[in-house]
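Chain residues, written in single-letter form:
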Amino acid sequence: MHNVVISGTGLYTPPFSISNDELVESFNTYVRHFNDQHAEAIAKGEMEALSESSSAFIEKASGIKSRFVVNKEGILDPQRMTPRIPERSNEDWGILCEMAVHAAKQALERAGRTPADIDGVIVACSNLQRAYPAVAIEVQAALGIQGFGFDMNVACSSATFGIQAAVNSVQLGQARAILMVNPEICTGHLNFRDRDSHFIFGDAATAVIVERADQATSKHQFDVVSTKLLTQFSNNIRNNFGFLNRAAEEGIGQRDKLFVQEGRKVFKDVCPMVAELIGEHLAQNDIPVGDVKRFWLHQANLNMNLLITRKLLGRDAEPHEAPVILDTYANTSSAGSVIALHKYQDDLPAGSIGVLSSFGAGYSIGSVILRKR
Ligand code: CO8
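Owing to the predicted nature of the structure, the values given are computational and were not obtained by experimental measurement. (Residues numbered from 1 in each chain as written. Predicted model: local features only at pLDDT ≥ 70, side-chain atom pairs only at ≥ 80, totals over all residues. Heavy atoms only, no water.)

Undergrad: Just to check I follow, could you spell out the overall build of the protein for this structure?
TA: Along its length, the protein carries eleven helices and 13 strands. A sequence separation of at least 24 residues applies to 78% of the contacts in the protein between residues at least 6 apart. Roughly 16900 Å² of accessible area belongs to the protein as shown, and the carbon and sulfur atoms make up 50% of that amount. Put simply, the protein has 35 plus and 42 minus side-chain charges, and the middle of one group is 3 Å from the middle of the other. (Helix = DSSP H or I, 4+ residues; strand = E, 2+ residues; numbered from the N terminus. Contact = heavy atoms within 4.5 Å. Areas by Shrake-Rupley, 256 points an atom, 1.4 Å probe, with all protein chains shown as cover. Lys, Arg positive; Asp, Glu negative; His and termini not counted. Charge placed at Lys NZ, Arg CZ, Asp CG, Glu CD.)

Undergrad: What's the story with the site of the ligand in this structure? I'm lost.
TA: For the ligand, the set of nearby residues contains 27 residues, the closest of which are Cys156, Gln261, Arg264, Asn301 and Ala361. Residue Asn301 places a side-chain N or O atom 2.7 Å away from an oxygen atom belonging to the ligand. Burial of the ligand by the protein chains amounts to 76% of its free accessible area of 1200 Å². Listed by contribution, the elements that provide at least two residues to the shell around the ligand are helix H3 (55–62) and helix H8 (263–284). Among the elements that make up the shell around the ligand, the one with the highest residue count is H8 (three residues). Classifying every residue of the shell around the ligand gives twelve nonpolar, twelve polar and three charged. (Near = heavy atom within 4 Å. Polar contact = N/O pair within 3.5 Å; in protein donor to acceptor, adjacent residues only side chain to side chain. Nonpolar A, V, L, I, M, F, W, Y, C, P; charged D, E, K, R; others polar.)

Undergrad: Help me understand the pairing of strand S3 (residues 66–69) in this model?
TA: The two faces of a sheet get side chains in turn, since along a regular strand they alternate between them. Because side chains alternate across S3, one face comprises the buried residues Ser66 and Phe68, and the other comprises Arg67 and Val69, equally buried. Strand direction decides the pairing type here: strand S2 (residues 16–19) and S3, joined by four bridges, are antiparallel. Among the inter-strand pairings, Ser19 is bridged to a residue of S3, identified as Ser66. (Buried < 20%, exposed > 50% of the residue type's maximum accessible area, 1.4 Å probe, protein only. Pairing = 2+ DSSP bridges.)

Undergrad: I'm lost on the environment of Met1 in this one. Help?
TA: Counting through the fold element by element, Met1 comes out in the segment before strand S1 (4–12). The spacing of Met1 and Thr231 is 230 residues in sequence and 26 Å in space, taken between C-alpha atoms. When sequence neighbours within four positions are dropped, the list of residues in contact with Met1 reads Gln171 and Leu172.

Undergrad: In this structure, what is going on with the UniProt feature "domain: Beta-ketoacyl-[acyl-carrier-protein] synthase III C-terminal" (unreviewed entry) in the protein? I would like to understand it.
TA: Within this structure's numbering, the places UniProt gives as "domain: Beta-ketoacyl-[acyl-carrier-protein] synthase III C-terminal" (unreviewed entry) are residues 282–371. Span residues 282–371 is 31% helix and 24% strand, its end C-alpha atoms 12 Å apart. (UniProt positions renumbered as here; feature names shortened; annotations may be inferred.)

Undergrad: Help me understand the sheet that holds strand S8 (residues 222–231) in this model?
TA: Adjacent strands of a sheet pair through backbone hydrogen bonds, lying either parallel or antiparallel. One open sheet holds the nine strands; their spatial order is S5-S4-S6-S7-S1-S8-S13-S12-S11, and the pairing between them is mixed. The open sheet is flanked by strand S5 (148–152) and strand S11 (292–297), the only strands paired with a single partner. Each strand axis lies, on average, 25° off the axis of its neighbour in the sheet, ignoring direction. Here two bridges tie S1 to S8, and the two strands are oriented antiparallel to one another. When the sheet's bridge partners are listed, Val5 is paired in S8 with Asp223. Against the sheet, helix H5 (residues 95–111) touches S1, strand S6 (177–185) and strand S7 (203–212), its axis set at about 130° to S1. Contacts from H8 reach S8, S11, strand S12 (353–360) and strand S13 (364–372), with the element oriented near 40° to S13. (Axes fitted to C-alpha atoms, helices over the stretch in contact; angles between N-to-C directions.)

Undergrad: How do you make sense of the side chain of Asp203 when you look at a structure like this?
TA: One can find Asp203 in strand S7. Of the side chains bearing the opposite charge, Arg67 lies closest to the buried Asp203, which forms no salt bridge; the N-O distance is 9.3 Å. Polar contacts involving the side chain of Asp203 include one to the side chain of Thr187, which spans 2.9 Å. What Asp203 contacts, discounting residues up to four positions off in sequence, is Pro14, Phe68, Val69, Val70, Glu184, Ile185, Cys186, Thr187 and Thr332. (Salt bridge = Lys/Arg side-chain N within 4 Å of Asp/Glu carboxyl O.)

Undergrad: Even after reading the chapter, I still don't get H3, so can you show me in this structure?
TA: An α-helix turns once per 3.6 residues; consequently, residues spaced three or four apart project the same way. If you check which residues of H3 are buried, you get Ser55, Ile58 and Ser62. End-on, the buried residues of H3 take up no more than an arc of 70°, which puts them together on one face. Away from its buried face, by an angle of more than 90 degrees, H3 presents the exposed residues Ala56 and Lys60. Gly63 sits one or two positions beyond H3 and adopts a positive phi of about 85°. (Arc of directions from axis to C-beta.)

Undergrad: Looking at this model, I keep getting lost on the pairing of S7. Mind explaining?
TA: Extensive coverage of S7 is indicated by the burial of ten of its ten residues. The sheet contact formed by S1 and S7 spans eight bridges and is antiparallel. Looking at the pairing, Gly10 lines up with Ala207 of S7. Of the pairings in the sheet, the one linking S6 to S7 comprises nine bridges and is antiparallel in character. Along S7, the bridge assignment pairs Val181 with Ala207.

Undergrad: Mind showing me how you'd approach the pattern of salt bridges here?
TA: Where side chains of opposite charge bring their charged atoms close, a pairing between them can arise. Summed over the entire model, instances satisfying the criterion amount to 18 salt bridges. Note that Glu280 is salt-bridged to Lys228, the shortest N-O span being 3.9 Å. A residue pair is termed long-range when its members are at least 10 positions apart, and Glu280 in helix H8 and Lys228 in strand S8 qualify at 52 residues. We note a salt bridge from Asp256 to Lys257, for which the minimum N-O separation is 2.8 Å. Across the pair, exposure class does not vary: Asp256 and Lys257 are buried alike.

Undergrad: Is there a simple way to explain the UniProt feature "domain: Beta-ketoacyl-[acyl-carrier-protein] synthase III N-terminal" (unreviewed entry) in the protein in this structure?
TA: Under the local residue numbering, the UniProt record ascribes the feature "domain: Beta-ketoacyl-[acyl-carrier-protein] synthase III N-terminal" (unreviewed entry) to residues 150–217. For residues 150–217, the helix share is 21%, the strand share is 32%, and the end-to-end C-alpha distance is 26 Å.

Undergrad: Can you walk me through unusual backbone geometry in this structure?
TA: Excluding glycine, residues mostly have negative phi values, and the peptide bonds linking residues are mostly trans. Cis geometry is found at the peptide bond from Tyr132 to Pro133, where omega equals 0°. Its place among the elements puts Pro133 in the loop between strand S4 (120–124) and helix H6 (135–143). In this model, Gly362 is joined to Tyr363 through a cis peptide bond whose omega is -10°. On the secondary structure map, Tyr363 appears in the loop between S12 and S13.

Next up, the structure:
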């Protein structure tokens, strides 16, 4: 078995940002229009009036101030409220592939590697663009990487599960190095007409190079000390979109063909599960929680992260102990914790222990213990 390191990370941030105020203005225009259109039915009590959204609520409930998106005008158009992403010819690289390649190039550069050094590609994300061919194989072709590629989806935990799959391949000698990428266009799955969730997600892509420790030369290395994963079935975060929709004439509406959740239940269920899993994982590796210099947590909700670190540390975490990126990126699903890792790692001294952790639909939870080299 080979020892394994993460030798480089990369990030692609889309060019457009939407503030809470912009998003709320578009949502409230839609609400006013809807209520005007249905005024009679609402007055008769046959229909419920829609309520407006508010920037103050969004920031207080989630910590989110803005989000990056691949298309802004389609989302903010109250007549549309969906990103406008034109279909591309099969001869052109797809948009997920393009985002993945941007992030991958930065990760390769930080790892001091070229595509010739990589033996496999894993695309791990929530928001896969099509059934097949695998986006990973497209990324492989776009970068000129030999070997194999496959896609996997474990919702928000796709990156930590992808890292474990990459680590296993390198440990076993099946690959010298793996590129693990997380291109997420969460806005494609988001119902911007749903007041409870219209503010939650943004778009981004991240990349991680996982390679043999004895061959790594990068200045940005972390030993992968251990990985631990957990899944437990829940319907509290769900999206029923899929190819079988067209085979079910009875249909049960469109709402559940986009992201839906019971946010309160998710919050209550997931926080204790995450704290327990990370605590157990550290104990199994004889690492006192107090020795952890950084928690790169999944970036869904600031209050969740504050609660999880408080449960773990027995006190409030200092901002540098659990860096926040969701204020400007919102929830970018699997990319979130990797964005935090990418942006907040260079200041750590050699020997520092950090934990990368994701949590989300499934439920699915991942913990990756890293030691700076
Ligand atoms: N503006 C103003 N008021 C609002 C709004 C709004 N936009 N929305 C709700 N309210 C009101 C409600 O009506 C309610 O009013 P009342 O008290 O009078 O009934 C009040 O505010 C409180 O509402 P909630 O209880 O819903 O609010 P919470 O405090 O629970 O906050 C959150 C809502 C922010 C959603 C919170 O519950 C949360 O973050 N939960 C955890 C969610 C989470 O982490 N989910 C992870 C999902 S991501 C994942 O796994 C990946 C899936 C794949 C990606 C798909 C891409 C799209």
